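Structural description and commentary
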Amino acid sequence: MPKRWTAAAGAAAFGALVTFVPEARAWDHPGHMVTAAIAFAEIEQARPDLIDVLGLLFLKHPDPAPFWVASGDAKGKERVRRMFIECARWPDDNKFTLNDRLTWHTARWAVVADDAPTEARAAAEARRGKPVGQAIEALRLVSAMLSNPEADPTERAFALCWMLHIVGDIHQPMHVSDLFSADFPTGNAGATMSYVHDPVTDRPIPLHILWDSNFLRVPSLEEVDRNAQSFVAKHPRSLFPELQQHPLGDPDAFQEWALESNQIAADWAFDVRTTADPNKDQPAEKLVQNMVNFILNGVSPVQEAPELPPGYWERLQDTAERRMTLAGYRIADIILSAADQVEAQRRFMGR
């Protein structure tokens, strides 16, 4: 088997794995939960009448058990809020089941490094400007399902959770970017094969997972609520020109949201020294084995990795915070728009 094919296959498998193995989630659980908490507060303020509607929808979800567990002994609005927060992480919790959608978590455009050799540039160009992964197409689909008055409640509940999750995913730069460089002539699979020193644990960590986890590593409701409130206070809607530049309703809005994140990767997020996985050119099975060992047991295939450059960690935290807040606002806007469209169409049809 040609080495180039093996490396490319490994990168693809490795990139898919990072999204679907326990504890390797876009923004991680706390991040997705924070975006949902922000969105819920926005919806409650704009349309409090939708809260009961959302609560009824979760009862029709094709996998209802996690929502009952998440709600605990809460009642009323708090019960619905907890289910809504669970909804954002459900696609990751639901991995390897019939409800899983492997390719919906990423849409990775090529980023070509200055040191990229001819073969790397050719590999990037072979993508013809298209991303790997169907996050954008999936987001268009599930958003359309939400706004379709003929959609079955079970379909709408399924679509709601995937919409919450995908919007969060595409606001994370490593979920929409592959680096092509001298070290990674076939791409670095969304930085899953690029290791850096984790300033939190003092151990090597894939750059992708560092962005996923950032500084939010406790998935308790108390921490989620504290961070959601802090983020909104620091980053009100008025500070986001992106909400006007790429508004909901623009047919290319979802792609533009993802390209915002890709631009962050191109501008500076990949501008960091890394240690490549020593097995990056080996068969995909070896890469998968290494990543599973890292995620489940904390065992890294590299013993040491470069420390982040000065200011990078602080910039990563600030960027992650801002992107999660923006994702929360956009999630709320999608739901509010969908509700308006459903109601308008039902009135038109005399229902």
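Summary of the structure given here. Just so it is clear, the model here is predicted, and its values are computed rather than measured.

1. Re the sheet that holds strand 3 (residues 194-197)
What the 3 strands build is an open sheet, ordered 4-3-5; its pairing is antiparallel. Unpaired on one side and paired on the other, strand 4 (204-206) and strand 5 (275-276) mark the two borders of the sheet. Inspection of the sheet shows strand 3 paired to strand 4 by 3 bridges, in the antiparallel sense. Opposite V196, over in strand 4, you have I205 as the bridge partner.

2. Observations regarding helix 10 (residues 221-234)
Over its 14 residues, helix 10 runs 20 Å from end to end, which matches the ideal 20 Å to within 8%, given 1.5 Å per residue. Taken residue by residue, helix 10 has V224, D225, N227, A228 and F231 as its buried positions.

3. Digging into the nonpolar core
Ranked by size, the top nonpolar core spans 65 residues in total, and within it F58, F84, L160, M163 and I170 carry the most contacts. The biggest single contributor to this core is helix 14 (residues 312-348), with 12 residues. Of all hydrophobic cores here, the second largest spans 26 residues; its members include M174, I264, Y312 and W313.

4. So, the pairing of strand 2 (residues 177-180)
Burial of the side chains of strand 2 extends over both faces: S177 and L179 are buried on one face and D178 and F180 on the other. Across 4 bridges, strand 1 (residues 109-112) lies against strand 2 in parallel orientation. Bridge pairing in strand 2 links V112 to F180.

What counts and how
- Residues numbered from 1 in each chain as written.
- Predicted model: local features only at pLDDT ≥ 70, side-chain atom pairs only at ≥ 80, totals over all residues.
- Heavy atoms only, no water.
- Pairing = 2+ DSSP bridges.
- Helix = DSSP H or I, 4+ residues; strand = E, 2+ residues; numbered from the N terminus.
- Expected span 1.5 Å × (residues − 1).
- Buried < 20%, exposed > 50% of the residue type's maximum accessible area, 1.4 Å probe, protein only.
- Core = buried A, V, L, I, M, F, W, Y, C linked by side-chain atoms within 4.5 Å.

The values reported here are purely geometric and, on their own, carry no functional implication.
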